[in-house]
Amino acid sequence: MSTVSDARDYDVIIIGSGAGGGTLLHRLAPSGKRILLLERGDYVPREKDNWETKAVVADGKYHIKEAWHDRDGREFHAGTHYAVGGNTKFYGAALLRMRREDFGEVRHHGGVSPAWPIRYEDLEPYYTEAERLYQVHGVRGEDPTDPPASAPYAHPPVSHEPRLQALSDGLAKLGYRPFHLPIGVMLDEATPRRSACIRCATCDGHPCLVNAKADAQVICVDPALEHPNVRLLTGAFVSRLETGPSGREVTAVHVVRNGARETYTAGIVVVACGAINSAALLLRSAGDRHPNGLANGSDQVGRNYMSHLNSVVLAVSLCPNPTVFQKTLAINDFYFASKEWDYPMGHISFVGKTDANVLAAGAPKLTPNFTLDLMARHSLDFWLTSEDLPAPDNRVTLRKDGGIVLSYRPNNEEGHTRLQAKLKTLVKQVRCPVHGDGCVKDFASINAYIGKRIPLAGVAHQNGTLRFGADPKTSVLDVHCRTHELDNLYVVDGSFFPSSSAVNPALTIMANAMRVGDHLLERLR
């Protein structure tokens, strides 16, 4: 085994260090193969601002600074991050499996969600491994849509604080099946003095100052760097991938770092920049053999972008909500077709507890007689997710200057509208132990579509721009997430999704990176 401190040639180059790239690195690191990890960002600095909502949410201190454009040429700033660990540094660590049914064709009011080229059973062992690696806390069987699992969660569910426990009990009395949201945190409630996680109010959407959130940097990248065969370069923007004369393999990875141009080579190149930036990288790597972008003979690169239909809904009640760690409760009773409606509506859970800074950034309509601060102290802060469907005109393209253009129109919206209405009905039906009926006085909505100024919206759930499949005419990647057109080019972020389901994509990205990692280990023997 050799060290790689100054090498230019590697066995594997991984571009991006988030849920996909970081997990893949962790999988490959013990092999002894020479691996280079290229990360456009740097380590998120550990500082007091990590936990300050004004800095993180209102000021967007850690957001990317570059401007993107929408289909009409209007400039916007996406709520995404370039950092070691990628967007997992800022995610809420909700780590749910896609439902077994999500891997098949699902009929929605707005159209059909296509089937995946692999089965749930193909990914199930990797889901179990990913849950253990990322220290997911949960309990099997509470969620009525839970897919079959080969093992229990390794860690008990994160307990509800009293206000959420009362809500959970009330929903159960109405005949619904609320459940503990699976969360990846390093929490030991049985022995709090030894727990890395302290159940703070700024887990969701913030970096963890005490490194107690199970993000890709803490869980995967830093442990992998202990292997002498692994090298990380930060501040390394990959400008393009170059192919050989045949166009069938990547022969060079061109990097701009600290203002200087550098070139690296590897037998295998893995792209994991996130669905938007991975598509952009392939598009700007066009050449003689790939005039429309690398691996784009199908004209599918960048198409079928999905990001879910997401909303934050605040239920403002007479009762205060002193909950600190709020992201523990979820409802999937309306995930599929039900007695309520013939089509799926989606998933209901919570965001991290809002405060006046968060509400000011989201600009909700104020409830009469409530200031932002008072509203935050009395609100239950729900997160709603419904599935958006793949559409070829929802896509990533490039401007003449190489800048990113994200064209997206929401679809399948009726289910999300019904989910919002159903939530409002549900919450009003739950009898308050203090005020009885009528405790919830009003609702404020913060819509989370592209371009809105809210902290958890936009591109956080990006997926689908380089879909995998068996047919090279309709997909970019094969079932191993290798490009159909280049033998040594793979992709392991959320861009491989042919459909988005209605749960956070992170755990599926992690599990798939492990699956692809095992394929690569066989290839590297």
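Computed from a predicted model, the values in this text were never measured in an experiment. (Residues numbered from 1 in each chain as written. Predicted model: local features only at pLDDT ≥ 70, side-chain atom pairs only at ≥ 80, totals over all residues. Heavy atoms only, no water.)

### Focus: the overall build of the chain
Along the chain, the regular secondary structure elements total 10 helices and 21 strands. Each principal axis of the C-alpha distribution contributes one length, and for the chain these read about 75 × 50 × 45 Å. A buried classification covers 60% of the 525 residues belonging to the chain. In the structure as shown, the chain presents an accessible area of about 20,000 Å², 49% of it carried by carbon and sulfur atoms. Distance between charge centres in the chain, computed from 58 positive and 58 negative side chains, equals 2 Å. (Helix = DSSP H or I, 4+ residues; strand = E, 2+ residues; numbered from the N terminus. Buried < 20%, exposed > 50% of the residue type's maximum accessible area, 1.4 Å probe, protein only. Areas by Shrake-Rupley, 256 points an atom, 1.4 Å probe, with all protein chains shown as cover. Lys, Arg positive; Asp, Glu negative; His and termini not counted. Charge placed at Lys NZ, Arg CZ, Asp CG, Glu CD.)

### Overview of the pattern of salt bridges
It is possible for side chains bearing opposite charge to pair when their charged atoms get close. Counted by the stated rule, this structure contains 33 salt bridges. Ionic pairing is found between glutamate 340 and lysine 422, a salt bridge with its closest N-O pair at 3.1 Å. Separated by 82 residues along the polypeptide, glutamate 340 in the loop between β15 (329-330) and β16 (347-350) and lysine 422 in helix α9 (residues 413-429) bring together distant segments of the chain. Its relative accessible area of 30% is what places glutamate 340 among the partly exposed residues. The exposure class assigned to lysine 422 is buried, which follows from its relative accessible area of 13%. Here the residues in one salt-bridge network are Arg97, Glu124, Glu131 and Arg140, joined through shared partners. (Salt bridge = Lys/Arg side-chain N within 4 Å of Asp/Glu carboxyl O.)

### As for the packing of aromatic side chains
Following the criterion strictly, the structure yields 15 aromatic pairs and no others. Geometrically, the ring pair formed by tryptophan 116 and phenylalanine 468 is edge-to-face, given 5.6 Å between the ring centres and 85° between the ring planes. Here tryptophan 116, found in the loop between β6 (111-113) and α3 (120-133), pairs with phenylalanine 468, found in the loop between β20 (440-447) and β21 (489-491); they are 352 residues apart in sequence, far enough to count as distant. Accessibility expressed as a relative area gives 3% for phenylalanine 468, which makes it buried. Taken together, Phe103, Trp116, Tyr120, Tyr127, Phe468, Phe496 and Phe497 form an aromatic cluster joined through their ring pairs. Across the ring face of tyrosine 10, the terminal group of arginine 34 is positioned such that the distance to the ring centre comes to 5.7 Å. Its guanidinium or amino end placed over the ring of tyrosine 153, arginine 140 lies 3.9 Å from that ring's centre, counting from NZ or CZ. (Phe/Tyr/Trp six-rings, centres within 6.5 Å; stacked < 30°, edge-to-face > 60°. Lys NZ or Arg CZ within 6 Å of the ring centre and 35° of its normal.)

### With respect to the pairing of strand β17 (residues 379-386)
Counting buried positions over the 8 residues of β17 gives 8, a clear majority of the element. Neither face of β17 is exposed, since Ser379, Asp381, Trp383 and Thr385 on one face and Leu380, Phe382, Leu384 and Ser386 on the opposite face are all buried. Bridging between β16 and β17 involves 4 bridges; their strand directions are antiparallel. Counted as the bridge partner of histidine 347 is threonine 385 from β17. (Pairing = 2+ DSSP bridges.)

### A look at the nonpolar core
Ile15, Leu38, Tyr134, Leu241 and Val253 are the most contacted members of the largest nonpolar core, which has 116 residues in total. The dominant element in this core, judged by the number of residues it contributes, is helix α10 (residues 506-524), at 10 residues. With near-sequence residues (within four places) excluded, tyrosine 134 lies in contact with Ala19, Thr23, Tyr91, Leu95, Gly184, Ala214, Asp215, Ala216, Ile219, Cys220 and Met510. Among the nonpolar cores identified, the runner-up in size contains 23 residues, and Ala315, Phe334, Phe350 and Phe382 belong to it. (Core = buried A, V, L, I, M, F, W, Y, C linked by side-chain atoms within 4.5 Å. Contact = heavy atoms within 4.5 Å.)

### Observations concerning the side chain of serine 17
Along the chain, serine 17 turns up in the loop between β1 (9-15) and α1 (21-28). Relative accessible area serves as the criterion here: at 1%, serine 17 is assigned to the buried category. Among the polar contacts listed, one links the side chain of serine 17 to the side chain of glutamate 39, at a separation of 2.7 Å. Engagement of the side chain of serine 17 in a polar contact is seen with the backbone nitrogen of glycine 85, the distance being 3.0 Å. Setting aside chain neighbours within four positions, we find serine 17 in contact with Gly22, Leu37, Glu39, Ala83, Val84, Gly85, Gly86, Ala216, Val221 and Ala272. (Polar contact = N/O pair within 3.5 Å; in protein donor to acceptor, adjacent residues only side chain to side chain.)

### With respect to unusual backbone geometry
Not every positive phi belongs to a glycine, and aspartate 299 is a case in point at roughly 60°. Position of aspartate 299 relative to the elements: it lies in the loop between α6 (275-283) and β14 (309-317). Here the phi dihedral of asparagine 304 falls at roughly 65°; this positive angle occurs in a residue that is not glycine. With respect to the helices and strands, asparagine 304 occurs in the loop between α6 and β14.

### Concerning helix α5 (residues 216-224)
In terms of burial, α5 is a largely internal element, 7 of the 9 residues being buried. Those residues of α5 that are buried lie in contact with α1, β2 (35-38), α3 and β10 (230-233).

### Remarks on the environment of phenylalanine 350
On the secondary structure map, phenylalanine 350 appears in strand β16. For phenylalanine 350, a relative accessible area of 1% corresponds to the buried category. As for phenylalanine 350 and phenylalanine 382, which are separated by 32 residues in sequence, their C-alpha atoms are 4.2 Å apart. Setting aside its immediate chain neighbours within four residues, phenylalanine 350 contacts Leu164, Leu167, Gln326, Lys327, Leu329, Leu380, Asp381, Phe382 and Trp383.

### Describing the packing of α1 against α5
Geometrically, a packed helix pair is captured by the angle between its two axes and the distance between the axes. At a minimum axis distance of 8 Å, the contact between α1 and α5 shows a crossing angle of 45°. Considered as vectors, α1 and α5 are oriented oblique to each other. α1 and α5 meet at a crossing whose hand is left-handed. Seen from α1, the contacting residues are Gly22, Thr23, Leu25 and His26; seen from α5, they are Ile219, Cys220, Val221, Pro223 and Ala224. For the contact of α1 with α5, a count of residues per class yields 6 nonpolar, 3 polar and no charged. (Axes fitted to C-alpha atoms, helices over the stretch in contact; angles between N-to-C directions. Parallel < 35°, antiparallel > 145°, perpendicular 65-115°, else oblique. Left-handed = near helix turned anticlockwise from the far one by under 90°. Nonpolar A, V, L, I, M, F, W, Y, C, P; charged D, E, K, R; others polar.)

### Regarding the sheet that holds strand β4 (residues 75-76)
Read across the open sheet, the 4 strands follow the order β4-β3-β19-β18; overall the sheet is mixed. Edge positions in the open sheet fall to β4 and β18 (395-398), since each of these has one partner strand only. Its contacts with the sheet put α6 on β3 (68-70), β18 and β19 (404-407), and the angle it makes with β18 is roughly 40°.

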